[in-house]
2 protein chains.
Amino acid sequence: MNEQLIARLRGIVGNTQVLDQGDLTAYELDWRKRSRGKALAVVRPGSTAEVAEVVKACAAAGVSIVPQGGNTGLAVGSVPDESGTQVVLSLSRMNAVRGIDPANLTMTVEAGCVLQTLQDAAEQAGFLFPLSLAAEGSCTIGGNLATNAGGTQVLRYGNARELCLGVEVVTAQGEVWEGTSGLRKDNTGYDLRDLLVGSEGTLGIITAATMKLYPLPAAQLTAWAAVPSLEHAVQLLGLAHKQLGAGLTGFEVMGRFALSLVTKHFPQQRVPFVDADNDTPWCVLLENSDSESEEHARARFEALLEQAFELGCATDAVVAENIAQARALWHVRESIPMAQAEEGLNIKHDISVAVSRIPEFVSETDALLRKEIAGVRLVNFGHLGDGNLHYNVQAPEGGDARRFLEEQEERVNTLVYDQVERFGGSFSAEHGIGSLKVHKLQKHKSPVALGMMRAIKQALDPKGTLNPGRVLGDIAS
Amino acid sequence: MNEQLIARLRGIVGNTQVLDQGDLTAYELDWRKRSRGKALAVVRPGSTAEVAEVVKACAAAGVSIVPQGGNTGLAVGSVPDESGTQVVLSLSRMNAVRGIDPANLTMTVEAGCVLQTLQDAAEQAGFLFPLSLAAEGSCTIGGNLATNAGGTQVLRYGNARELCLGVEVVTAQGEVWEGTSGLRKDNTGYDLRDLLVGSEGTLGIITAATMKLYPLPAAQLTAWAAVPSLEHAVQLLGLAHKQLGAGLTGFEVMGRFALSLVTKHFPQQRVPFVDADNDTPWCVLLENSDSESEEHARARFEALLEQAFELGCATDAVVAENIAQARALWHVRESIPMAQAEEGLNIKHDISVAVSRIPEFVSETDALLRKEIAGVRLVNFGHLGDGNLHYNVQAPEGGDARRFLEEQEERVNTLVYDQVERFGGSFSAEHGIGSLKVHKLQKHKSPVALGMMRAIKQALDPKGTLNPGRVLGDIAS
């Protein structure tokens, strides 16, 4: 039976594009190396028509499909399970930029395009494609859309969903919906696009998309400010929104302990305002994108920071003098996860609450964790402008981090996620559910919403062909 | 049976909030007075819990529900059919602003809030709620969300969907999903919010929503430019995007004939560059919102227009000197539909194509209509920045307009919508489907997309309780 299917798949995509022998680690092991599955085969179609035929063949054989882009997801949604019965459908060969439409401010790309390819193609045409995240050199736009990826520019430009005007999709029945219209307004029926985006390959396979472009800013400046408290950081954010308007394209917050890990493990990096002579509890990185000029951007930034000093919501600040300095500031921010890894194993969270409630959430949750778990160290940083914190937990200093995780990870997660629920927040702000957080979804999501999601999955994929078990788990249960 | 249901409804919402006698015109007649239905009763619940109980009672009795906000929709989606068997569920009593969260830049409102109430409440709190459209004095936010309303600020801020962070919904089973979280990032499962928004009351009843707020701009300036052709208008749009960035909040285009109707029927209005001495074929209205100052906004506008003159994409331009002048310019734009009505009955379209294809679409479609229908007059204006045109058709001069419509409306629609389909556009850019365009949806929408929509409707409302027949028509067929 399986041999028949594999022969059929070879017939569709060509002999060399069906892999069922040799080292398939790149397709079977998840990005963080926490889960290794076994594929019946890896199939690499080269066109939308081939994707449709592959889906039809698998559906007819009762074999399920795991769609895969760059396989850089953080929630174990794109590798097969251990059964050896699932087909990995890799979109990586479908990597053409189908076209750029300058007057419509759009580009149409195939799902397997690497994110950085989109950024580069846009820039070469004189435009900005703003989606930007750590894995941009290897993640694909199909995966970005399937997981509704976030990143550092969400404050101004939104998640992947908000950057998408249309998708081309292969359904669970192997039909093709050509929805890459590039229309900015289209009220003809239900919003299938946004339903497919973020559905993690469980409702359809995105094979191409039309994405929004923006004018390249004339200047982009970065500032770094010391703020006395998270309340003051929120106040500074409000001020920056007011004064810079849509020019405010980045607002990241970092706690002193998170930054001290950077200075400890990467002493060559200069972290402004974090040293022995200074007890700044929080720092903020601001980015200002200006359609006019660098001079104008600098004047606006300086006016903002001056007012922030007057109001007391910033105590010190620097504006990067050049691109090298700006990159160095961003590099400090981006080094926190690596500094954490150097410090030892740790427990990561990707949570969001309303921006207004962040200070109270952090103060309460810090106190709770410190009370419950002696010596716990809290590494707190994230996209404050989006209400999205990476509220991470490091083992007590000098302790055995592996043992700490074994003993405490579930308890820490329960404490944190119960707090998030109490604050009306989300336990997965930008990373999605995959197979990693299926049980968290069952626990924390509204049963009414879960019921609607299950009904939709049943309606669009009644045979459970597409990425079964992910997001909603076993929906028959 | 019906009497039992009505008694039950009286028990839920109170005696006086069930209307089944007297003049129910306001609930039964559509906004454009094209369709009059007959309600079994009008029910006006005062809370989400009451809405849920009403839905349960109707579903149990096998009676269908037509949700209604301000009843200002343009596609006949919010009035009952003629059978006298449908219950109109009016959300108008649920009109509380539940709260404004300044630091989160959100407001949470009940579905029955009039749009203008939101705008005013936001402004009083020092913020902008940007959704703005002609019916804003009587339409409700619930209706705006149910139809994904557009309006004049879409270019910068998006449709109603893009302004919404979360919805509270009563399902077809009378369950309540409390999704008004105000989170800017939340990747926990399928995007039910965006599916419900724009579903025209057929998948659930939106009872409340959390909407985005923006800082009030420091200045808002309006300019009016004469442009030699639609190609030049598109070029000017690209230039304005580049130079003003997110400051560009409006870009409307108006054809000479549309403007000449304004000067003919409202001679007290001054229409720049449209008179006997001037043969400007197109005018453009631009709006620039600035976070800095009026002086800065004016300098930016002048720099833009100067470059436009140099490139030849504008031949003349004025910038409004004050708010009164700006209002007068907008008033010209908004007077076009009324001037059309004064000129006589006409055929309206609400179409979109990619911005880049608008000039070719208009030139081809104008030629086609003129060839097919002798003397036809084309009234062309709309939101060029969104690729959305109100491509309207006026009867030949001096002819019998009523007879023209009787004889030609279907033919004109077919010619126009077939052209729209050929250009990959939408036959309903911002007005939705309702019951008016059900057949157009069947004809022009991808059968694959229609199949997915029907499956979703069946899954979420298997008994067909909510607004049956709207959007998808009789889905059993």
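Definitions and limits used
- Residues numbered from 1 in each chain as written.
- Chains lettered and ligands numbered in written order.
- Predicted model: local features only at pLDDT ≥ 70, side-chain atom pairs only at ≥ 80, totals over all residues.
- Heavy atoms only, no water.
- Helix = DSSP H or I, 4+ residues; strand = E, 2+ residues; numbered from the N terminus.
- Rg over C-alpha atoms; globule rule 2.2 N^0.38 Å.
- Contact = heavy atoms within 4.5 Å.
- Areas by Shrake-Rupley, 256 points an atom, 1.4 Å probe, with all protein chains shown as cover.
- Lys, Arg positive; Asp, Glu negative; His and termini not counted.
- Charge placed at Lys NZ, Arg CZ, Asp CG, Glu CD.
- UniProt positions renumbered as here; feature names shortened; annotations may be inferred.
- Buried area = accessible area lost by both parts, 1.4 Å probe.
- Salt bridge = Lys/Arg side-chain N within 4 Å of Asp/Glu carboxyl O.
- Least-squares fit on C-alpha atoms with pLDDT ≥ 70 in both.
- Buried < 20%, exposed > 50% of the residue type's maximum accessible area, 1.4 Å probe, protein only.
- Core = buried A, V, L, I, M, F, W, Y, C linked by side-chain atoms within 4.5 Å.
- Domains from an automatic or database assignment.
- Polar contact = N/O pair within 3.5 Å; in protein donor to acceptor, adjacent residues only side chain to side chain.
- Nonpolar A, V, L, I, M, F, W, Y, C, P; charged D, E, K, R; others polar.
- Pairing = 2+ DSSP bridges.
- Axes fitted to C-alpha atoms, helices over the stretch in contact; angles between N-to-C directions.
- Expected span 1.5 Å × (residues − 1).
- Bend = angle between axes of the 7 residues up to and from the residue.

Undergrad: Just to check I follow, could you spell out the overall build of chain A for this structure?
TA: Across its full length, chain A holds 15 helices and 21 strands. Taking 2.2 N^0.38 as the reference for a compact globule, 477 residues should give roughly 23 Å; the C-alpha atoms of chain A span a radius of gyration of 23 Å, in line with that estimate. A sequence separation of at least 24 residues applies to 72% of the contacts in chain A between residues at least 6 apart. Here chain A displays about 17600 Å² of accessible surface, and carbon together with sulfur accounts for 49% of that area. In chain A, which carries 42 positive and 57 negative side-chain charges, the distance between the mean positions of the two groups comes to 5 Å.

Undergrad: I'm lost on the environment of A:L115 in this one. Help?
TA: All names here are of chain A. Tracing the sequence through the fold places L115 in helix 4 (residues 115-124). Along the primary structure L115 and R98 are separated by 17 residues, whereas in three dimensions their C-alpha atoms are 14 Å apart. Among residues more than four places away in sequence, those in contact with L115 are F129, L131, L133, E136, C139, T140 and N144.

Undergrad: Explain the UniProt feature "domain: FAD-binding PCMH-type" (unreviewed entry) in chain A here, please?
TA: The feature "domain: FAD-binding PCMH-type" (unreviewed entry), as annotated in UniProt, sits at residues 35-216 of chain A in this numbering. Taken end to end, residues 35-216 of chain A is 21% helix and 26% strand, and its first and last C-alpha atoms sit 40 Å apart.

Undergrad: Even after reading the chapter, I still don't get the interface of chain A and chain B, so can you show me in this structure?
TA: How big an interface is tends to be expressed through the accessible area that disappears when the partners come together. The interface is formed by 82 residues belonging to chain A together with 82 residues belonging to chain B. When residues of chain A are sorted by the area they lose upon contact with chain B, A:K185, A:N187 and A:Y190 head the list and together hold 17% of the total. Between the two partners, chain A and chain B, sit 10 salt bridges. B:K212 is the partner of A:E162 in a salt bridge, and the nearest nitrogen-oxygen pair spans 3.4 Å. Every element with two or more residues in the side of chain A that touches chain B is listed here: helix 6 (154-157), strand 9 (176-179), helix 7 (192-196), helix 8 (230-244), helix 10 (294-311) and helix 15 (447-460) of chain A. Per-element tally for the side of chain A that touches chain B: the top contributor is helix 15 of chain A, with nine residues.

Undergrad: I would appreciate a short explanation of the relation of the copies chain A and chain B in the present structure.
TA: Each of the two chain copies goes to the other by way of a rotation about an axis and a shift along it. Between the two copies, chain A and chain B, the superposition gives an RMSD of 0.0 Å; the rotation angle is 180 degrees and the shift along the axis is 0.0 Å. On this basis, the relationship between the two copies can be described by a two-fold rotation axis. Both copies contact each other with a shared surface, as 100% of the interface residues of chain A are interface residues in chain B too.

Undergrad: How should I be thinking about the environment of A:T140 in this particular structure?
TA: Residue and element names in this part refer to chain A. Here T140 shows up in the loop between strand 7 (127-128) and helix 5 (141-146). Classification of T140 as buried rests on a relative accessible area of 4%. In sequence terms T140 and A111 are 29 residues apart; their C-alpha atoms lie 6.6 Å from each other.

Undergrad: Could you clarify how one ought to interpret the nonpolar core in this entry?
TA: Where a protein is soluble and globular, its nonpolar side chains tend to be buried together. Judged by nonpolar contacts, the single largest core of 207 residues is most densely connected at A:M211 and B:M211. Apart from residues no more than four positions distant in its own chain, A:M211 is found in contact with A:L105, A:T106, A:M107, A:V109, A:L118, A:F129, A:I141, A:L145, A:A160, A:L163 and A:C164.

Undergrad: Mind showing me how you'd approach the domain arrangement of chain A here?
TA: Residues and elements named next belong to chain A. Taken domain by domain, chain A consists of domain 1 (2-90), domain 2 (97-215), domain 3 (219-422) and domain 4 (431-461). Distance between the C-alpha centres of domain 2 and domain 3: 29 Å. Opposite the seven residues of domain 2 that make contact, domain 3 presents 13 residues. Summing both partners gives a buried area of about 750 Å² for domain 2 against domain 3, and 59% of it is carried by carbon and sulfur. When the area that domain 2 buries against domain 3 is broken down by residue, the three leading residues are T152, L155 and R156, summing to 70%. Linking domain 2 with domain 3 are zero salt bridges, by the criterion used here. In this assembly, domain 2 and domain 3 are joined by three residue pairs in polar contact (both at pLDDT 80 or more). Classifying every residue of the side of domain 2 that touches domain 3 by side-chain character gives three nonpolar, three polar and one charged.

Undergrad: Explain the pattern of salt bridges here, please?
TA: Pairing between side chains of opposite charge can happen when the charged atoms of each approach one another. Taken as a whole and assessed by the stated rule, the structure comprises 47 salt bridges over all chains. Its salt-bridge partner being B:E360, residue B:R357 comes within 3.9 Å of it at the nearest N-O pair. Exposure remark for B:R357: the relative accessible area of 31% places this residue in the partly exposed category. Judged by relative accessible area, which is 39%, B:E360 ranks as partly exposed. A salt bridge links B:E364 to B:R422, with the nearest nitrogen and oxygen atoms 2.4 Å apart. Of this pair, B:E364 sits in helix 12 (residues 358-372) while B:R422 sits in helix 13 (residues 401-422), placing them 58 residues apart in sequence. Judged by its relative accessible area of 30%, B:E364 falls in the partly exposed class. One salt-bridge network, held together by shared partners, links A:R8, A:E53 and A:K56.

Undergrad: I would appreciate a short explanation of the side chain of B:R298 in the present structure.
TA: One can find B:R298 in helix 10 (residues 294-311). When sequence neighbours within four positions are dropped, the list of residues in contact with B:R298 reads B:L221, B:V319, B:A320 and B:E321.

Undergrad: Is there a simple way to explain the sheet that holds strand 4 (residues 86-90) of chain A in this structure?
TA: Note: strands within a sheet are paired through backbone hydrogen bonds, in either parallel or antiparallel orientation. Residues and elements named next belong to chain A. Across the sheet, four strands lie side by side as 1-2-4-3; this open sheet has mixed pairing. The open sheet terminates on both sides in strands that have one partner only, identified here as strand 1 (18-19) and strand 3 (65-68). Of the strand pairs in this sheet, strand 3 and strand 4 are connected by four bridges, and their pairing is parallel. Bridging from a neighbouring strand, I65 pairs with V87 of strand 4. Of the strands in this sheet, strand 1, strand 2 (39-43) and strand 4 touch helix 1 (residues 2-13), which is tilted by about 10 degrees from strand 2. Helix 3 (residues 48-61) contacts strand 2, strand 3 and strand 4 of the sheet and is inclined by roughly 175 degrees relative to strand 4.

Undergrad: How do you make sense of unusual backbone geometry when you look at a structure like this?
TA: One can expect most non-glycine residues to show negative phi and most peptide bonds to be in trans. In the Ramachandran plot, A:N148 falls in the positive-phi region, its phi being about 50 degrees despite a non-glycine side chain. Within the secondary structure, A:N148 is located in the loop between helix 5 and helix 6.

Undergrad: Looking at this structure, how should I read helix 11 (residues 323-343) of chain B?
TA: Helical periodicity: at 3.6 residues per turn, an α-helix aligns residues three or four positions apart in one direction. All names here are of chain B. Helix length check: helix 11 (21 residues) gives 30 Å between terminal C-alpha atoms against 30 Å at 1.5 Å per residue, within 8%. I336 marks the point of greatest bend in helix 11, at about 40 degrees, and the proline P337 comes within the next four residues. Those residues of helix 11 that fall on the buried side of the exposure criterion are A326, L329, W330, V332, R333, S335, I336, A339, Q340 and E343. G344, located one to two residues past helix 11, shows a positive phi value of around 135 degrees.

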